[in-house]
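Given next are the chains, with one letter for each unit.
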Amino acid sequence: MARQPDRPLVGKRLLNQLGRCAGKYILGQACAVISDRNVAPLFAGRVRKSLRSAGFRPTLITIPAGEKSKTLERASAICDQMIAAGLDRQSFVVGLGGGMIGDISGFVAAIYHRGIPHIQIPTTLLAMVDSSIGGKTGVDTRAGKNLIGVFHQPSLVIDDLDVLKTLPRRQFNQGFAEIIKHAIIADEKMFRILQSWKAGAVCALQRLIQRNIQIKSRIVAKDERDRMGQRALLNFGHTVGHAIERAGNYRKFLHGEAVSLGIVAACAISVKRAGLPEDQRAATIDLLERFGLPTRLPPKFPRKKILDAVNFDKKFESRKIRFVVTPRIGAAYVADNVTLEDIREATENL
């Protein structure tokens, strides 16, 4: 069993404190540390050492990096390795990596022995401000992203700012797509702060991460299982973004880059359907570009595949589109008047 922490831990040199922190929330001793082949060589040694120092018995399981690993087959193989290592219903899972690892490790924790505790250690800015918060887990299918999954809240989330130093600039920047999304749907002040953002200040980055955690946590708390519409606001930019990922075979764009393009499309639709002022749409595009995020698709990108992929999106209910629009920076709602033609027009203009 495990109890829930009040909020994610955010700071420096936290990996070395993992064992001590986990001991406050976890009762079992055996655990699986699930990571990928890019992240494990960098941080798995420190994670296992910290866990062992607190009396835990970690087993490291590494999988290939990338979205292609997030499948039912891979989840099943991980479970087989956990069974072989002797993990039982008193054990727990540590997810060490970006969003893909957080999703699949959380999914494995949710289904192993019908649910064991999950600790998240996100190693990307994107995962710190978005996917590690809220308890959504899942795997992909050929039809689309995260179509199979379960809600399983983590027992502990540790955001160690030091791990971000290892990120390539492109990987780091994609996290700002979700940060900008949060500003658009809920925080006009943060949008203005981002417009004058100066990189390099660790304290400022820590406050920014904490603010994004607050925004997402507040929205999730109102609609934990995504049933009443409040949590749907977090999907701003994701209907088209996920479709772009799928159309590019999950190789052309990083998740945050696809979301950036989805935000541009959502703003175009918001101008048409929600009255978003044109100058605010332009300001959003400028802000995305400020953080090195794409706002236009390559000329030869298969745009028709985007519309085909939209039809498989989870945000369609009874074949009706649940499309999030913004009437102004700092606010958003789920619209019922957006059509597939609107989405086609917006993606063709990307």
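Summary of the structure given here. Every value quoted in this text rests on a predicted model; they were computed, and no experiment measured them.

## Let's talk about the overall build of the protein chain
Point 1. Helix and strand counts for the protein chain stand at 13 helices and 12 strands.
Point 2. Overall, the C-alpha framework of the protein chain stretches about 60 × 40 × 35 Å when taken along its three principal axes.
Point 3. Among the 350 residues that make up the protein chain, the fraction classed as buried is 57%.
Point 4. Pairs at least 24 apart in sequence give 78% of the contacts found in the protein chain among residues at least 6 apart.
Point 5. Accessible surface computed for the protein chain: about 15,300 Å², of which carbon and sulfur atoms make up 50%.
Point 6. Between the mean site of the 54 positive side-chain charges and the mean site of the 32 negative ones, the protein chain shows a separation of 5 Å.

## Regarding unusual backbone geometry
Point 1. One non-glycine residue, Arg 13, lies in the positive phi region at around 55°.
Point 2. Along the chain, the position of Arg 13 falls in the loop between β1 (9–11) and α1 (18–22).
Point 3. Look at Arg 13 and you get exposed, because its relative accessible area is 53%.
Point 4. Positive phi, close to 60°, is recorded for Asn 249, a residue that is not glycine.
Point 5. Taking the relative accessible area as the measure of exposure, Asn 249 reaches 36% and is therefore partly exposed.

## Some details on the pattern of salt bridges
Side-chain pairs of opposite charge can arise where the charged atoms are in close proximity.
Point 1. Taken as a whole and assessed by the stated rule, the structure comprises 19 salt bridges.
Point 2. A cluster of three or more residues bridged by salt bridges with shared partners is formed by Glu 67, Lys 70, Asp 103, Asp 140, Lys 145 and Glu 245.

## Some words on the sheet that holds strand β4 (residues 92–97)
Consider a sheet: its strands pair through backbone hydrogen bonds, and that pairing is either parallel or antiparallel.
Point 1. Sheet architecture is open: six strands sit in the order β1-β8-β5-β4-β2-β3, paired in parallel fashion. Strands with a single pairing partner mark the edges of an open sheet, and in this sheet they are β1 and β3 (57–63). Direction aside, neighbouring strands of the sheet carry axes that sit 15° apart on average.
Point 2. Bridge count between strand β2 (residues 30–36) and β3: seven bridges; the pairing is parallel. The residue of β3 that forms the bridge with Val 33 is Leu 60.
Point 3. Contacts from helix α3 (residues 72–84) reach β2, β3 and β4, with the element oriented near 150° to β3.

## A closer look at the environment of Met 128
Point 1. Structurally, the position occupied by Met 128 is in helix α5 (residues 125–131).
Point 2. Distance in space between the C-alpha atoms of Met 128 and Val 240 is 22 Å, their sequence separation being 112 residues.
Point 3. Dropping the residues within four chain positions of it, Met 128 is found in contact with Pro 122, Ile 133, Asp 159, Asp 160, Val 163, Leu 164, Ile 209 and Ile 213.

## Some points on the packing of helix α6 (residues 169–186) against helix α7 (residues 188–195)
Point 1. Running from amino to carboxyl end, α6 crosses α7 at an angle of 140°, the nearest separation of the two axes being 6 Å. The angle between α6 and α7 places the two elements in the oblique class. Contact residues: α6 offers Phe 176, Ile 179, Ile 180, His 182, Ala 183, Ile 184 and Ala 186, while α7 offers Glu 188, Met 190, Phe 191 and Leu 194.
Point 2. Residue composition of the contact of α6 with α7, grouped by class: nine nonpolar, one polar and one charged.

How each quantity is defined
Residues numbered from 1 in each chain as written. Predicted model: local features only at pLDDT ≥ 70, side-chain atom pairs only at ≥ 80, totals over all residues. Heavy atoms only, no water. Helix = DSSP H or I, 4+ residues; strand = E, 2+ residues; numbered from the N terminus. Buried < 20%, exposed > 50% of the residue type's maximum accessible area, 1.4 Å probe, protein only. Contact = heavy atoms within 4.5 Å. Areas by Shrake-Rupley, 256 points an atom, 1.4 Å probe, with all protein chains shown as cover. Lys, Arg positive; Asp, Glu negative; His and termini not counted. Charge placed at Lys NZ, Arg CZ, Asp CG, Glu CD. Salt bridge = Lys/Arg side-chain N within 4 Å of Asp/Glu carboxyl O. Pairing = 2+ DSSP bridges. Axes fitted to C-alpha atoms, helices over the stretch in contact; angles between N-to-C directions. Parallel < 35°, antiparallel > 145°, perpendicular 65-115°, else oblique. Nonpolar A, V, L, I, M, F, W, Y, C, P; charged D, E, K, R; others polar.

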